[in-house]
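# Coordinate inspection notes
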Amino acid sequence: MSEVATTGRIHSWDLSTGVDGPGTRFALFVSGCPLRCLYCANPDTWHMRDGKEVSVDEVMAKIEKYRAFITTAGGGVTVTGGEPLLQPAFTGELLRRCKEAGQHTALDTSGFLGTRATDELLTDTDLVLLDIKSFDVTAYRRLTGGELTPTLNFATRLDRLGIPMWIRYVLVPGWTDAPESVEGLARFVSGLGSVDRVDVLPFHKLGAAKYEALGLPFPLRDTPVPDPGLVERVRERFRAHGLAAY
């Protein structure tokens with residue numbers, strides 16, 4: 001009896017440099033996300049039903065076409081989204097196959113569904129790009145519709161397993177720039193030995209047109225982007241705790 005192929009639903013794929021992990025990456029955007037971040041730039045990835053169903057074999061065939069290019073550029077494969085852990089079987093199988101093929105693997109996640117990541121899935125993950133959206137419980141709920149605790153628990157678990165992390169923090173004026181919240185997150189992250197760096201990502205409105213195309217209001221349409229001085233001050237808060245912040 002033939003083995004049933006593992007399938008998942010994806011939005012798209014792309015090649016990126018310096019954004020989705022080290023080197024040049026094959027970034028696979030899966031469909032579906034349990035959170036509704038007010039600043040989300042990809043509302044077209046929210047629903048799994050809107051994605052294209054593909055098998056892991058199909059994705060691996062696509063990756064294989066770029067193997068030499070990715071390897072030469074010191075990159076690998078990043079599974080992003082959406083939220084990859086909404087499809088843990090598909091994500092886990094893909095990471096395993098990439099690892100077996102000698103590719104550096106990265107998982108880009110909010111950590112909200114961290115309990116769905118098996119130890120086996122994490123063993124096949126060389127790097128986790130962990131998006132901690134706020135360190136204030138109330139602000140996190142208002143900003144995402146979810147809870148903060150699962151993400152912090154996931155970060156602690158990754159640290160215990162010794163899996164390297166890049167922490168991502170989107171800086172949104174009036175939402176995630178409160179000094180006490182930034183300081184709290186910096187203290188928490190500095191206690192995690194497997195964190196390699198913190199990326200402070202300035203809020204932008206590049207996804208606004210997608211909301212319009214979907215007939216949805218962009219919640220932060222009137223929110224200003226952060227000025228360079230604010231971005232640097234927040235980065236300095238992390239550096240003050242011995243963290244590499246960019």
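In what follows, the accompanying structure is described.

Reading the values: the criteria
Residues numbered from 1 in each chain as written. Predicted model: local features only at pLDDT ≥ 70, side-chain atom pairs only at ≥ 80, totals over all residues. Heavy atoms only, no water. Axes fitted to C-alpha atoms, helices over the stretch in contact; angles between N-to-C directions. Helix = DSSP H or I, 4+ residues; strand = E, 2+ residues; numbered from the N terminus. Left-handed = near helix turned anticlockwise from the far one by under 90°. Contact = heavy atoms within 4.5 Å. Phe/Tyr/Trp six-rings, centres within 6.5 Å; stacked < 30°, edge-to-face > 60°. Buried < 20%, exposed > 50% of the residue type's maximum accessible area, 1.4 Å probe, protein only. Pairing = 2+ DSSP bridges. Right-handed = clockwise from strand over helix to strand, strands pointing away. Parallel < 35°, antiparallel > 145°, perpendicular 65-115°, else oblique. Core = buried A, V, L, I, M, F, W, Y, C linked by side-chain atoms within 4.5 Å. Expected span 1.5 Å × (residues − 1). Arc of directions from axis to C-beta. Polar contact = N/O pair within 3.5 Å; in protein donor to acceptor, adjacent residues only side chain to side chain. Salt bridge = Lys/Arg side-chain N within 4 Å of Asp/Glu carboxyl O.

### Overview of the packing of helix 7 (residues 179-190) against helix 9 (residues 228-239)
Taken N-terminus to C-terminus, the directions of helix 7 and helix 9 make an angle of 35 degrees; their axes are 9 Å apart at the nearest point. You can see that helix 7 and helix 9 cross each other, and the crossing is right-handed. Here Val182, Glu183, Leu185 and Ala186 of helix 7 lie close against helix 9, whose contacting residues are Val234, Arg237 and Phe238.

### Here we look at the packing of aromatic side chains
By convention here, two paired aromatic rings are described through the distance between centres and the angle between planes. For the structure shown, the criterion picks out seven aromatic pairs. A ring pair is formed by Phe26 and Tyr66, whose centres lie 6.4 Å apart and whose planes are at 45 degrees; its orientation type is tilted. Remark: Tyr66 occurs in the loop between helix 1 (56-65) and helix 2 (67-72) and Phe26 occurs in strand 2 (residues 24-30); sequence separation between them is 40 residues. Judged by relative accessible area, which is 1%, Phe26 ranks as buried.

### Overview of unusual backbone geometry
A cis geometry characterises the amide bond from Gly81 onward to Gly82, with omega recorded as 15 degrees. Along the chain, the position of Gly82 falls in the loop between strand 4 (76-80) and helix 3 (88-100).

### A word on the pairing of strand 8 (residues 195-202)
Sheet analysis places strand 7 (residues 165-171) next to strand 8, joined by seven bridges and oriented parallel. Pairing of Val170 across the sheet is with Leu201, part of strand 8. After leaving strand 7, the chain enters helix 7 and then returns to the sheet as strand 8, a path that is right-handed.

### Brief notes about the packing of helix 1 against helix 3
For the pair helix 1 and helix 3, interaxial distance at closest approach is 10 Å and the crossing angle is 40 degrees. If you check the angle between helix 1 and helix 3, you find them oblique. As helix 1 runs across helix 3, the sense of the crossing is right-handed. Contact residues: Val56, Asp57, Val59, Met60 and Ile63 in helix 1; Phe90, Glu93, Leu94, Arg97 and Cys98 in helix 3.

### Observations concerning the nonpolar core
In this structure, Leu94, Met165 and Phe238 are the most contacted members of the largest nonpolar core, which totals 64 residues. The biggest single contributor to this core is strand 7, with five residues.

### A word on helix 9
If you check helix 9, its first and last C-alpha atoms are 16 Å apart, about what twelve residues at 1.5 Å a residue would give, namely 16 Å. Inspection of helix 9 places Leu230, Val231, Val234, Arg235 and Phe238 among the buried residues, and these make up the whole buried set. The buried residues of helix 9 occupy one face: seen down the axis, they fall within an arc of 135 degrees. Of the exposed residues in helix 9, those oriented more than 90 degrees away from the buried face are Pro228 and Arg233. Here helix 9 starts with a cap whose side-chain oxygen sits 2.9 Å from the backbone nitrogen of Gly229, and that cap is Asp227.

### With respect to the pattern of salt bridges
Throughout the structure, instances matching the rule amount to 17 salt bridges. Linking Glu53 and Arg9 is a salt bridge whose minimum nitrogen-to-oxygen distance equals 3.8 Å. Placement of Glu53 in strand 3 (residues 52-55) and of Arg9 in strand 1 (residues 7-17) is noted, with a sequence separation of 44 residues between them. Judged by relative accessible area, which is 47%, Glu53 ranks as partly exposed. Residue Arg9 is classed as partly exposed on the basis of its relative accessible area of 26%.

### A look at the environment of Tyr39
Positionally, Tyr39 belongs in the loop between strand 2 and strand 3. With relative accessibility at 10%, the residue Tyr39 sits in the buried group. Separated by 182 residues in the primary sequence, Tyr39 and Arg221 place their C-alpha atoms 9.0 Å from one another. What Tyr39 contacts, discounting residues up to four positions off in sequence, is Asp131, Lys133, Leu143, Val170, Val172, Phe203, Tyr211, Phe218 and Leu220.

### Details of helix 3
A rise of 1.5 Å per residue sets the reference length of helix 3, with its 13 residues, at 18 Å; its end C-alpha atoms lie 18 Å apart and thus fit the reference within 8%. Listed as buried for helix 3 are Phe90, Thr91, Gly92, Glu93, Leu94, Leu95 and Cys98. Once helix 3 finishes, Gly102 follows within two positions and takes phi at roughly 85 degrees, a positive value.

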